[in-house]
Amino acid sequence: MTTPEPLLARARALQLHGVVSHWDACAQAPWIAPLIEWEETERSRRSLERRLRCAHIGRFKPLADFDWRWPEQCDPAAVAELMTLAFLETATNAILVGPSGLGKTTIAQNIAHQAVLRGQTVLFTTAGQLLGELAALDSDSALRRRLRHYASPTLLVIDEVGYLSYSNRHADLLFELISRRHEKKSTLITTNKSFAEWSEVFPNAACVVALIDRLVHHAEIIALKGQSWRHKEAQERAATNARKRKSARSPA
């Protein structure tokens, strides 16, 4: 049975000021323990819903359904280590590098979702959305507020770096954001470009080398290689449809 002292501490943590101020009158009441437990459970549920909503992770395939045999190169043990979220404790970055269609986004979404379930603040965005939004702000005060917004989560996921090319201003904004998070918060990047190719993503940007240096300073880098899973599925659908059409044309 729960003793009154821990219950009082839990009531204070919940900021149940009326209950705390009349503790002597209600400490032994049979309803006090269920009341506190109900409040804790409901607040935990609402907090999880709020963090999931604010994370913007979207729909994704669980890693339990991920076909680890498909990529020609992938380290499931390294991904499993990221799923423990130990890298968040040391503000280590995580970078998933590989061609399109190998599951980088799916892995990133699973890590982000796990972090939310563990009580962490998370924000999932694409490079295009992030940099487009920051570059569109026309006042210094609005830009500073938005940079603080992106700098604050325990885990920031920036998906699809490398699918578009960006201006020097975009590069400078990303450098500013990564610098604010450097050695303070973890950033997870998915990219289809090797770091040697990032000069193509940010042509003529002077900060590219410094940007990469901050990203990889404390980082776990996982490389994936192979054929696109989506391309494989498209080929299989085409083959299945061809067989159906051939069967339909065949005489009974």
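All values derive from a computational prediction rather than experimental measurement. Along each chain, residues carry numbers from 1 onward, in the same order as the chain's sequence is written. The predicted origin of the model limits local features to residues at a pLDDT of at least 70 and limits the giving and counting of side-chain atom pairs to 80 or more, whereas totals for whole chains, interfaces and linings rest on all residues. Side-chain measures here rest on the full set of heavy atoms in the structure, leaving out hydrogens and waters.

### Quick look at the environment of glutamate 200
Test applied: In DSSP terms, a helix is any run of H or I states spanning at least four residues, a strand is any run of E spanning at least two, and both are numbered starting from the N terminus. Three exposure classes are used, based on accessible area relative to the maximum for each residue type with a 1.4 Å probe and protein chains only: buried under 20%, partly exposed in between, and exposed over 50%. Pairs of residues are marked as contacts when any of their non-hydrogen atoms sit within 4.5 Å.
On the secondary structure map, glutamate 200 appears in helix α11 (residues 198-201). You can call glutamate 200 partly exposed: its relative accessible area is 44%. Residues glutamate 200 and cysteine 74, spaced 126 residues apart in sequence, show a C-alpha to C-alpha distance of 25 Å. Ignoring anything within four residues of it in the chain, the contact list for glutamate 200 reads Ser165 and Lys193.

### Some points on the UniProt feature "domain: AAA+ ATPase" (unreviewed entry) in the protein
Our working rule: UniProt positions are given in the numbering used here, feature names are shortened, and annotations may be inferred rather than shown by experiment.
Within the UniProt annotation, "domain: AAA+ ATPase" (unreviewed entry) is assigned to residues 90-223. Its end C-alpha atoms 21 Å apart, residues 90-223 is made of 48% helix and 21% strand.

### Some remarks on the packing of helix α8 (residues 127-136) against helix α9 (residues 140-151)
Our working rule: To get an axis, fit a line to the C-alpha atoms, keeping to the stretch in contact for a helix; angles then go from 0 to 180 degrees between the N-to-C directions. When an angle is under 35 degrees it counts as roughly parallel; over 145 it counts as roughly antiparallel; between 65 and 115 it counts as roughly perpendicular; any other value is oblique. Helix crossings are classified by the rotation of the near helix relative to the far one: an anticlockwise turn of less than a right angle makes the crossing left-handed, while a clockwise turn makes it right-handed.
Across the interface, α8 lies against α9 with an axial gap of 9 Å and an inter-helix angle of 155°. The angle between α8 and α9 falls in the class roughly antiparallel. The two elements α8 and α9 meet at a crossing, and its hand is left-handed. In this structure, α8 uses Leu130, Glu133 and Leu134 to contact α9, whose residues at the interface are Leu143, Arg146, Leu147 and Tyr150.

### Brief notes about empty space enclosed by the protein
Definition in use: Points on a 1 Å grid, built from protein atoms alone, make a cavity when a 1.4 Å probe fits but cannot get out and make a pocket when they are open with protein on both sides within 12 Å along at least 5 of 7 lines; residues with an atom within 4 Å of a point are the lining residues. Grid points are joined across faces, edges and corners, and a volume is the space filled by probe spheres set on the points. Three categories are distinguished: nonpolar for Ala, Val, Leu, Ile, Met, Phe, Trp, Tyr, Cys and Pro, charged for Asp, Glu, Lys and Arg, and polar for the others, with Gly belonging to the last.
Summed over the entire model, instances satisfying the criterion amount to one cavity of 30 Å³ or more. Taken as a whole, the largest cavity encloses approximately 30 Å³ of empty space. Together, Ala91, Asn93, Arg181, His182, Glu183, Lys185, Arg214 and His218 line the largest cavity. A breakdown of the residues in the lining of the largest cavity according to their chemical character gives one nonpolar, three polar and four charged.

### A few points about the packing of aromatic side chains
Here is the rule we go by: Pairs were defined over the aromatic rings of Phe, Tyr and Trp, the Trp ring being its six-membered one, requiring ring centres within 6.5 Å. Orientation was assigned from the angle between planes: stacked under 30 degrees, edge-to-face over 60, tilted for the rest.
A complete count under the given rule lists four aromatic pairs for this structure. Through pairs of rings, three or more aromatic residues link up here, namely Tyr166, Phe195, Trp198 and Phe202.

### Let's talk about unusual backbone geometry
For glutamine 15, which is not glycine, the phi dihedral falls at a positive 60°. Its location among the elements puts glutamine 15 in the loop between α1 (4-13) and α2 (17-21). A relative accessible area of 54% means that glutamine 15 is categorised as exposed. For asparagine 204, which is not glycine, the phi dihedral falls at a positive 70°. Within the element layout of this structure, asparagine 204 appears in the loop between α11 and α12 (208-217). Given a relative accessible area of 74%, asparagine 204 falls into the exposed group.

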